[in-house]
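For reference, the chains in residue letters:
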Amino acid sequence: MLTARNLEKIMELEDKLRTEYQVQLDAKSEEISKLEKATEDQKAVIAKQLEQISALSVDASKNKKVEQRNRELHQRCENLLEDVAKQKTRAKTLQSDLSEVREEMATLKQFDPAKMKKNLDASKKKLAEKTSANDLLQKSYKQTKNENAELKAQLKALEAKLEELEPKDSDASETEVEQEAAA
């Protein structure tokens with residue numbers, strides 16, 4: 001049975017989880033947007049560097065340097081793409097965590113404290129009514145038991161009187177029968 005104290009703990013836990021995860025989610029969202037912006041900036045830088053490389057391809061000696069730089073930029077781009085992929089998977093993980101937290105919140109919201117208090121009050125009232133009815137039944141049972149004991153005592157007394165009267169009556173009736181038979 002949930003008590004008011006447990007309800008308060010549940011509500012505190014709900015508020016705590018909400019504040020704890022909301023801050024984390026906001027931080028992760030900001031981090032993701034910053035990384036996406038940084039990726040776009042870096043892509044712009046890469047595009048600009050590729051234009052420079054194509055301008056430098058005029059000279060053959062400069063061509064080797066450009067190719068080397070191109071390889072480096074390509075490697076950076078791949079690294080950035082890997083980072084973006086990692087960030088996307090991380091964002092998906094955070095989204096799934098968020099959905100789990102939302103489901104948990106929905107579960108916790110099912111426990112409406114006002115409704116539970118109302119049910120508790122109704123249950124207390126019913127219990128009080130049943131207790132008073134039980135007390136009345138107990139009193140009635142005791143009274144009936146006492147009356148039954150008194151009636152049994154009276155019955156025994158009457159049976160004793162009957163036994164006392166029967167021998168006298170049977171003797172008297174035998175003599176009356178004999179007298180009638182003789183007459």
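Residues numbered from 1 in each chain as written. Predicted model: local features only at pLDDT ≥ 70, side-chain atom pairs only at ≥ 80, totals over all residues. Heavy atoms only, no water.

**Q** Hey, could you run me through the overall build of the chain in this one?
**A** A count of helical and extended segments in the chain gives 3 helices and 0 strands. Across the chain, helices and strands are ordered from the amino to the carboxyl terminus as α-α-α. Looking at the chain as a whole, 9% of its 183 residues qualify as buried. When the accessible surface of the chain is summed, it comes to about 15700 Å², and 55% of that surface belongs to carbon and sulfur atoms. (Helix = DSSP H or I, 4+ residues; strand = E, 2+ residues; numbered from the N terminus. Buried < 20%, exposed > 50% of the residue type's maximum accessible area, 1.4 Å probe, protein only. Areas by Shrake-Rupley, 256 points an atom, 1.4 Å probe, with all protein chains shown as cover.)

**Q** Is there a simple way to explain a negative patch on the surface in this structure?
**A** A cluster of acidic residues, Asp97, Glu100, Glu103 and Glu104, forms a negative patch at the surface. Inspection of the secondary structure assignment puts glutamate 104 in helix α2 (residues 60-109). (Patch = residues over 30% accessible without salt bridge, like charges linked within 9 Å, V, L, I, M, F, W, Y side chains within 5 Å. Salt bridge = Lys/Arg side-chain N within 4 Å of Asp/Glu carboxyl O. Lys, Arg positive; Asp, Glu negative; His and termini not counted. Charge placed at Lys NZ, Arg CZ, Asp CG, Glu CD.)

**Q** I would appreciate a short explanation of the side chain of glutamate 14 in the present structure.
**A** Within the fold, glutamate 14 resides in helix α1 (residues 4-56). Looking at glutamate 14, the relative accessible area reads 11%, which means it is buried. Each residue touching glutamate 14, except ones within four places of it in the same chain, is listed here: Met105, Leu108 and Lys109. (Contact = heavy atoms within 4.5 Å.)

**Q** Got a minute to help me understand the pattern of salt bridges in this structure?
**A** Pairs may arise between side chains of opposite charge once their charged atoms sit close together. Considering all chains together, one arrives at 3 salt bridges under this definition. Lysine 28 is the salt-bridge partner of glutamate 31, the closest N and O atoms lying 4.0 Å from each other. On the criterion of helical spacing, the pair formed by glutamate 31 and lysine 28 is a turn pair, its members being 3 residues apart in helix α1. Take glutamate 31: its relative accessible area is 30%, and that puts it in the partly exposed class. With a closest N to O distance of 3.3 Å, arginine 90 and glutamate 31 form a salt bridge. Pair noted here: arginine 90 is in helix α2 and glutamate 31 is in helix α1, with a separation of 59 residues, a long-range link.

**Q** Is there a simple way to think about the environment of glutamate 31 in this case?
**A** For the pair glutamate 31 and alanine 91, spaced 60 residues apart in the sequence, the C-alpha separation amounts to 9.9 Å. Setting aside its immediate chain neighbours within four residues, glutamate 31 contacts Gln87 and Arg90.

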